[in-house]
Every structure is written in structure tokens, then in C-alpha cells.
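Structure at a glance
Here's the letter readout for the chains.
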Amino acid sequence: MQASIYLDNNSTTPLDPEVLEEMLPYLTTAFGNPSSITHAFGKEAARGVAQSKIRLAELLGADPTEIIFTSGATEAINMAVKGVFYRYQGMGNHIITCKTEHKAMLDVCSYLQKKGADITYLNVDDNGAIELEDIKKAIKKETILVSLMLANNETGLIHPVKEIADLCAERGVLFFTDATQAIGKIEFSLRNTKVDLLCCSAHKFYGPKGAGALFIRKTKRPIQLEPMIHGGGQQNGIRGGTLNVPAITGMGKAALLCRQNIMEESVRLKGLRDHLEESLLRLEQTVVNGTGVHRLPHVSNIRFRFIRAEQIMAKIRSLAVSPGSACSSGSTDPSHVLMAIGLDKEDARASLRFSLGRFNTRAEVDEAIRLITHAVTVLRSESPAWTLYKDGVIS
Ligand SMILES: *Cc1c(COP(=O)(O)O)cnc(C)c1O
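Residues numbered from 1 in each chain as written. Predicted model: local features only at pLDDT ≥ 70, side-chain atom pairs only at ≥ 80, totals over all residues. Heavy atoms only, no water.

Here we take up the site of the ligand. Contacts to the ligand come from 13 residues, most closely from Thr-74, Asp-178, Gln-181, Ser-201 and Lys-204. Separating an oxygen atom of the ligand from a side-chain N or O atom of His-203 is a distance of 2.9 Å. The separation between an oxygen atom of the ligand and a polar side-chain atom of Lys-204 is 2.8 Å. Broken down by element, the residue count for the shell around the ligand peaks at three residues, all from helix H3 (residues 73–88). Classifying every residue of the shell around the ligand gives three nonpolar, eight polar and two charged. (Near = heavy atom within 4 Å. Polar contact = N/O pair within 3.5 Å; in protein donor to acceptor, adjacent residues only side chain to side chain. Helix = DSSP H or I, 4+ residues; strand = E, 2+ residues; numbered from the N terminus. Nonpolar A, V, L, I, M, F, W, Y, C, P; charged D, E, K, R; others polar.)

Rendered as C-alpha cells:
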């Protein structure tokens, strides 16, 4: 492994050692199937799952009975959005979302379009914010669901989901929020909100990969989701299949640790993030993408104009950050989020996302600042675009 400074915590977080500790017995002695509660092995596993549900519910401000475990946020998004569409399409086929959502959400929407859904993708301003007025205008008779993320994974922008949920409730439209990046990072409670559905993922808050959850609000008229995974009748028939007990117990422990540390941790990380930003902005033509007050405390997306993010990353192999272009498919498509907030392709490709986490130290951040500053300075000295900019030919 070459990278030694990990500033890519929005992609995934390392497992907290205390979480691993919690999981180990469920990988060894407590291996029972939580559905087999006729014997002690099953009962022990079922107790682990139940405790985890309580811990997660406490973090979310929900009731344990409102939580369904999944394999992660992608599955929970599929379960929520397809589940609502297939169950309520008799009442309407219109879904409202926005252009800066995670690909998991956007891909589900384009799939549903082929199945007859009418999708509105709201525009955002140059910070990534949506106008509540635009949501109001977009709601029509056929609207069955509004889906907007709590915090953006690329820029950290936070949407006012409480207000959006109120607005949707007033109009009798279900509201789902992908809260994957916010849960465990900022104070947020479902209590006193009208959010109907919410998803999160353990590996984004120091838990293991392979565990996530969907919150489904218990109301007088329960929300009916068409199940996506049939078989076995687990989790009230909403999601079949034997539960991933070790990962689920890890998720519960991770939720507990977040609840205990959230205030202190978010203040510390904001301090480090602000230091990183102030230091890097000393470089010319360096701009934070998507500022504004409502932003995750540990995230910074910065464009270093006239060079490419990949060039910086190639120069600094010991630093793990994320470029403003999708390298997932082997191509370098500029980020759809950065394009939606008004960057041109070159500026999107010049952008790097820094996402700090629990185990980052001040010394690591200082080293990252030093490495980036050096790399950007060297790359620009070799960049024809930078020369043209300096000569006043381009701006
Ligand atoms: C990571 C992420 C997802 C996908 O989560 P998985 O658990 O990896 O499937 C969905 N939405 C957002 C905002 C994310 O950051």
C-alpha cells in the first residue's frame, strides 16, 4: 500500500477498532441465525441484532421498529424509491429529485423512467442549494415521492430536509432522504420531522461494509413498500434473506460511538478542514466549490485552476483524495455535481475533494497542505494553460 494519508473518508471510512471488537464474537462463537430463535445460538444473534437496532434508532431519533437492515445505502435507495413507485403508481407516476444526487439515486431514477416514471430533476444554485419554491412548483397531482439527499457527498452541502419534509407532508407527498453522508457526522434527528424514509450506510461512519439501513416511518397509515428482495419473510417480509449479523452489530456499535463523539469530533474536524482550506487558498486561482453556511464540517472540494486533479494525484501517491471526475468507469467524465453547480469541464477536472475523518491528525493535514502546495506549484510551472492565463490570453 502506497497511500499513507487518507483524506477520502466520504468514499469509505476505516473500521473503528472498537467496532471490530464488537463484531468478532458474531464471526466466531455467536454465529447463530437470528431467525432460529428456538435455540440459544439463534437467540444470541437475535439479541445482537435487536441491540444494534436500538443503537441505530437512538442515533437517528427513530423507533427501533422503524428500521430495516440492508446491505448498504445503494440497496436502501433501491428499496425506498422502487418500493414506493411500484406500490403507489396507481396514484401517480411522478418523482421529484435533483441533479446533484448520488449516482445510486440517479441510476434508480433512469431505470424507473423506462418503467413509466416521470422524473423531475431540480436545478441547484452555484452552491448546490435548491429553492423550496422550486419544489413547491414541481409538485403536481401525479407526484408520489420527493427524494433529496441530506448532505452531498462531493461538496458537503446540506439541504434543509426538515423544511422540505414539512412541505411534502402538507401536499400529501412522501419524502425520502439519502442521509448516508450526514449520519454520524452532524447532529440530526428524525424526531419532530416529517421525513418518511431515510437511508444510511455503516461504512460511511466507521462501521463495516455490507451493512446499511432504511428508516420507514411508522404512521397511522403505514407506508407500504413493494418488497425488492423476496424470500424467508425476514424483516416483516420487506427484505428477505438471513441477516448479516456481524456487520449489523458493527453498525450498531459504530452508531453508538458516533452518538457519543459527534459534537467533539465535528468541531475538531471543522478546525482541521478550515485550516486546510485557508492554507490551500493561499495558492492563486484556487477556489472552494460550493461554500455557504450549511456544509458538512469535514469536507472541502477545491479547484486548482489550469491543472488536472489526476496530475496532482499522480505526483502525490502517498495522499488519498478524490478527483472531481468519475474514474469509476475508467473514463474521466467531469463530476455531474460540479457541472450542476456551474463549473465548466476544465474546472471540474481541476477539482479535488478532501474528506477528513476520525483518525486524521493535524500533522497529516499539515503534510497534505505541504504536498499539494508543492505539486500545484510545480505543475503550474509546466502548464501551458497556466502560462496562457498568466499572459492574459485566457481567464
Ligand atoms: C456512499 C453513498 C451511497 C452508497 O452507499 P453504499 O452503502 O456504498 O451502497 C449512497 N449515497 C451517498 C450520498 C453516498 O455517499
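Moving on from the model shown.
Our focus in this paragraph is the packing of aromatic side chains. Two aromatic rings are characterised by how far apart their centres lie and by the angle between their planes. Tallied over the full model, the rule gives six aromatic pairs. Considering the side-chain rings of Phe-85 and Tyr-86, the 5.4 Å spacing of their centres and the 70 degrees angle between planes classify their relative orientation as edge-to-face. Relative accessible area serves as the criterion here: at 1%, Phe-85 is assigned to the buried category. These aromatic residues form a ring-pair network of at least three members: Phe-306, Trp-386 and Tyr-389. Here the basic side chain of Lys-82 rests over the ring of Tyr-111, its NZ or CZ set 4.7 Å away from the ring centre. Over the face of the ring belonging to Trp-386 we find Arg-380, whose NZ or CZ atom lies 4.2 Å from the ring centre. (Phe/Tyr/Trp six-rings, centres within 6.5 Å; stacked < 30°, edge-to-face > 60°. Buried < 20%, exposed > 50% of the residue type's maximum accessible area, 1.4 Å probe, protein only. Lys NZ or Arg CZ within 6 Å of the ring centre and 35° of its normal.)

A separate point is the pattern of salt bridges. A complete count under the given rule lists 21 salt bridges for this structure. Two residues, Arg-87 and Glu-226, come together in a salt bridge whose shortest N-O distance is 3.1 Å. One end of the pair, Arg-87, is in helix H3; the other, Glu-226, is in the loop between strand E8 (212–216) and helix H7 (245–280), with 139 residues separating them in the sequence. Arg-87 gets classed as partly exposed once you look at its relative accessible area, which sits at 35%. In this structure, Arg-273 and Asp-274 form a salt bridge, with 2.9 Å as the shortest nitrogen-oxygen distance. Under the relative-accessibility criterion, Arg-273 is labelled buried at 4%. (Salt bridge = Lys/Arg side-chain N within 4 Å of Asp/Glu carboxyl O.)

This part covers the packing of helix H1 (residues 17–27) against H7. Contact geometry for H1 and H7: axes closest at 8 Å, N-to-C directions at 155 degrees. Taken together, the axis directions place H1 and H7 in an arrangement best described as roughly antiparallel. Taken as a pair, H1 and H7 cross one another with a handedness that is right-handed. Listed contacts from H7 to Glu-18, Val-19, Glu-22, Met-23, Tyr-26 and Leu-27 of H1 are Val-245, Pro-246, Ala-247, Thr-249, Gly-250, Lys-253, Ala-254 and Leu-257. Residues of the contact of H1 with H7, tallied by class, amount to nine nonpolar, two polar and three charged. (Axes fitted to C-alpha atoms, helices over the stretch in contact; angles between N-to-C directions. Parallel < 35°, antiparallel > 145°, perpendicular 65-115°, else oblique. Left-handed = near helix turned anticlockwise from the far one by under 90°. Contact = heavy atoms within 4.5 Å.)

By domain assignment, the chain separates into domain 1 (5–12 + 262–390) and domain 2 (17–257). Facing the 29 residues of domain 1 at the interface are 30 residues of domain 2. The interface formed by domain 1 and domain 2 contains zero salt bridges. Listed by contribution, the elements that provide at least two residues to the side of domain 1 that touches domain 2 are H7, strand E10 (299–304) and helix H9 (336–340). Tallied by class, residues from the side of domain 1 that touches domain 2 come to ten nonpolar, 15 polar and four charged. (Domains from an automatic or database assignment.)

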